[in-house]
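The residues making up each chain are set out below.
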Amino acid sequence: MNAIETKNLTKVYNNNFTAVNSLNLEIPKGSIFGMLGPNGAGKTTTIKMLTCLIQPTSGKATVGGYDVQKNPDDVRNLLGMVPQQVSLYKDLTVMENSQLCADYYGVPQDERDSRIEDLMELVDIKYAKDKRVGQLSGGQKQKASLVASLVHRPDILFLDEPTIGLDPTTKRTLWDLIRELNDNGHTIILCSHDMHEVDMLCDNVGIINTGNLVAYDTPQGLKDALLESNKQDLTDALSKISDESEDSDSKKEDLENLSLKKMSVLLKNQDDEIIETISQSDHVKSVEVARNGRINLRIDSFDDMAVQNVLNDIISSGGIITSIFTEEPSLEDVFIKSTSEVNEDDRA
Amino acid sequence: MIEPKKFWWMIKKELISLKRHPARLVSILAFPIIMILLFGYGMGGEMTDLPIVVVSQSDGDLTDLTLDTIKSTETYHVVEVIDSLDEGKERVDSGEVKAAIILPSDYDKDSNQQKGVTLYIDSSDQMASQILESSTQGIFYRISNMVASQTSVSTQDAHIKPSISHSLNNFKDDISLHINRIYGNIKYIDFLVPAILGMTIMMSCMMGMGATIAGERETGELARLFMTPTSVSTVIGGKIAAKLLIELVRALILIFMAVLLFNVSIKGGFLQTFIVLVIGALCFVGFGIMLSARTQTQEDYAQISLPFSMPMMFVSGVFYPIETMPWILQKLAYVFPLTYLNDAMRGIMLKGQTLGDVWLDLVVLLGFTVLFFIIGVKRFNRDV
């Protein structure tokens, strides 16, 4: 069952600008969906249509089974929104703001305050409930905003850049909170430019560009797809070059370098013998000992066994590994790749 | 559907904000007082104590009488009585005094010859010179009647020399003019205050609506309200209710201050004045909503509302009667709601009319109000 479904959803503004172009999107109930896209890609317009702030030009969108155009008030009751800009009244306290929102959603009077208190406990803002919103820190404001957005127990919660400008600790607290809310049954739609955040939290990611959905998968699925497509691109390029003349040797080398994956290890007992062993390993193309003691390697990224074999070599020569990392394609790479492809198509 | 709880929240929110920002409260209270003081004292006051010198080259009973009369007139502040004509002129030229009243050497001589009193005046100060001319004429007219002898006053302009002096020959009592003031003795301040009240309400309603609607659109509070299952008219209705309440308090302060400071009489009674102001406030709140329906920021709103509020201030007969304006402005005045508010306010405060007497003004104001609200709510954009 889908919490949100759009079919050919389109929004053309008065100045003939098509902000959303026949968007088809399905967000499963109970999932955390990450909505990515460059600025001006149509994310905000999509959210505005889904939250019934503007009318679609054509197409259809349903939220929790209700049509946004036919039953806007039912849709509004199902939705909670934590906007990027904290939009609570600065002069009112956290409690007063939450009460105001509860009354605007028609929360029954007898359970209003207890519901708010429970939510405050959940997000850990109860200690500041009688503080004015204007006096809160950034993280506290977001928490207050969350409480106000959850008072009517929405099935679906929109979070627009909820952690922007927050310190790493507060960010993590909010991430935990988002997961907890999801466990409690809220479907969450997270708009963010923080790729790490999306990668960590989301079940599914949709990338929107120029009003269209250009990629939709799990975060890992998207990254794997990019790795595959990179490999393919490189293989194609290499075979093309080898067909050509001999002088492009240097160019070929450059491209081969691109096909290498970075790997970095830190050994407890580093000595020349171990380094020698590593550099003779089949999969290792280059070895460099950095000033901080890390051994930075470039290994063949086409070979799935490369990491395993290098580690085996180190261990068999007596090396004790204290730290290791390899560089994988990030969601950011996926983002840049999928949004630039369309841009190039557009220009063509 | 009217949702009283949502209405009440908007009022409560405004009141809490005011309570927590005492400075804002002070400015709400101070604004009408400043307006009344500024316009009341600045423009409505009468000119008194204008500095002059008297050049007296004669002496005798008539001279003494004349000097006493001049000194006891409120319009003048006699800096000094001197006998040098040149010094007198010099003092006017230097700007130290506004005029010199020059009594000639033959002033006290008992003769049938016409006596020429000269008013040497600084005509660059138009307001002061007009008042000095007319009151000097008045004085010598009275004196000449008293002594029943021929005295003439000529005015000499200090800045156009040699002066064209026009003789102000005294009239004989052939024609007597009886002035029958149907509404009593009305001073300019009395004329001004009712319209100042209207204008202040207009300005604060229009400015205030921009702050609440365009401002909250800009900062996103309005978006939050619009995401709840609440109709546009309920959201706006709440804003109006809150704004109106504050404006009513302001209107009360305004009326109170006008009475206290300028002893303005409210002939038609306090309640009727208040009701007219409430209708006016509603109308301008509606105007504000219409203008802010599609403005995205407070800054935009300020830019958009200025071309409406400024002309309205000057064309709606606040400071001058509409009839004295060029015809095009007169026509323009008829499409400005402030004109009708001013007319109704003057009717009630000055003429002692009743709401029934100014019904036409009220109907027009209410008509504008309904029109503004319909356009405002229709045009209002939920998109924030």
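As the structure is a prediction and not an experimental result, all values here were calculated from the model.

Asker: So, the environment of B:Ile16: which residues are in play, and what are the values?
Answerer: Tracing the backbone shows B:Ile16 in helix α1 (residues 4-20). In this structure B:Ile16 comes out as partly exposed when scored by C-beta crowding, with 16 C-beta atoms within 10 Å. In this structure the C-alpha to C-alpha distance between B:Ile16 and B:Gly60, which are 44 residues apart in sequence, comes to 74 Å. If we ignore the near neighbours within four places in the chain, the residues touching B:Ile16 are A:Asp91 and A:Leu92.

Asker: Provide a residue-level description of helix α3 (residues 94-105) of chain A, including the pertinent values.
Answerer: Helix length check: α3(A) (twelve residues) gives 17 Å between terminal C-alpha atoms against 16 Å at 1.5 Å per residue, within 8%. In terms of burial, α3(A) is a largely internal element, eleven of the twelve residues being buried. Within the sequence span of α3(A), burial applies to A:Val94, A:Met95, A:Glu96, A:Asn97, A:Ser98, A:Gln99, A:Leu100, A:Cys101, A:Ala102, A:Tyr104 and A:Tyr105. Elements that come into contact with the buried residues of α3(A) comprise α2 (72-78), α4 (109-123) and α5 (138-150) of chain A together with α1 and α7 (221-226) of chain B.

Asker: I'd love a proper account of the pairing of strand β3 (residues 32-36) of chain A, names of residues and values included.
Answerer: Residues and elements named next belong to chain A. The buried count for β3 comes to five of five residues, which makes it a mostly enclosed element. What you see with β3 is no split at all: Ile32, Gly34 and Leu36 on one side and Phe33 and Met35 on the other are buried throughout. Pairing between β3 and strand β8 (residues 187-191): four bridges, direction parallel. If you follow Met35 over to β8, its bridge partner there is Cys191. Relative to strand β9 (residues 204-209), β3 runs parallel, the two sharing four bridges.

Asker: Any chance you could break down the environment of B:Val55 for me, citing the residues and the numbers?
Answerer: Residues and elements named next belong to chain B. Along the polypeptide, Val55 turns up in strand β1 (residues 50-56). Overall, the presence of 22 C-beta atoms within 10 Å leaves Val55 in the buried class. The residues touching Val55, leaving out its near neighbours within four places in the chain, are Ile82, Asp83, Ser84, Leu85, Gly88, Ala100, Ile102 and Leu103.

Asker: Break down the pairing of strand β7 (residues 156-160) of chain A for me, citing the residues and quoting the values.
Answerer: All names here are of chain A. Burial analysis of β7 places four of its five residues in the buried class, which makes it a mostly covered element. Pairing geometry for strand β6 (residues 79-82) and β7, over four bridges, is parallel. Directly across from Val82, in β7, lies its bridge partner Leu159. Traced from β7 through helix α6 (residues 168-183) to β8, the parallel crossover comes out right-handed.

Asker: Before we move on, can you summarise the sheet that holds strand β13 (residues 295-300) of chain A with the specific residues and values?
Answerer: Residue and element names in this part refer to chain A. Strand order in the open sheet made by the four strands is β12-β13-β11-β14, with antiparallel pairing throughout. The two strands at the open ends of the sheet, each matched to only one other strand, are β12 (284-289) and β14 (321-326). Sheet twist, expressed as the mean angle between neighbouring strand axes with direction ignored, is 20°. Where strand β11 (residues 260-267) lies against β13, six bridges are found, and the strand directions are antiparallel. By the bridge assignment, Lys261 is partnered in β13 with Ile299. Relative to the sheet, helix α10 (residues 272-280) contacts β11, β12 and β13, its axis offset from that of β12 by approximately 155°. Helix α11 (residues 306-316) contacts β11, β12, β13 and β14 of the sheet and is inclined by roughly 135° relative to β13.

Criteria and thresholds
- Residues numbered from 1 in each chain as written.
- Chains lettered and ligands numbered in written order.
- Predicted model: local features only at pLDDT ≥ 70, side-chain atom pairs only at ≥ 80, totals over all residues.
- Helix = DSSP H or I, 4+ residues; strand = E, 2+ residues; numbered from the N terminus.
- Buried ≥ 20, exposed ≤ 12 C-beta atoms within 10 Å, placed from the backbone.
- Contact = placed C-beta atoms within 7 Å.
- Expected span 1.5 Å × (residues − 1).
- Pairing = 2+ DSSP bridges.
- Right-handed = clockwise from strand over helix to strand, strands pointing away.
- Axes fitted to C-alpha atoms, helices over the stretch in contact; angles between N-to-C directions.

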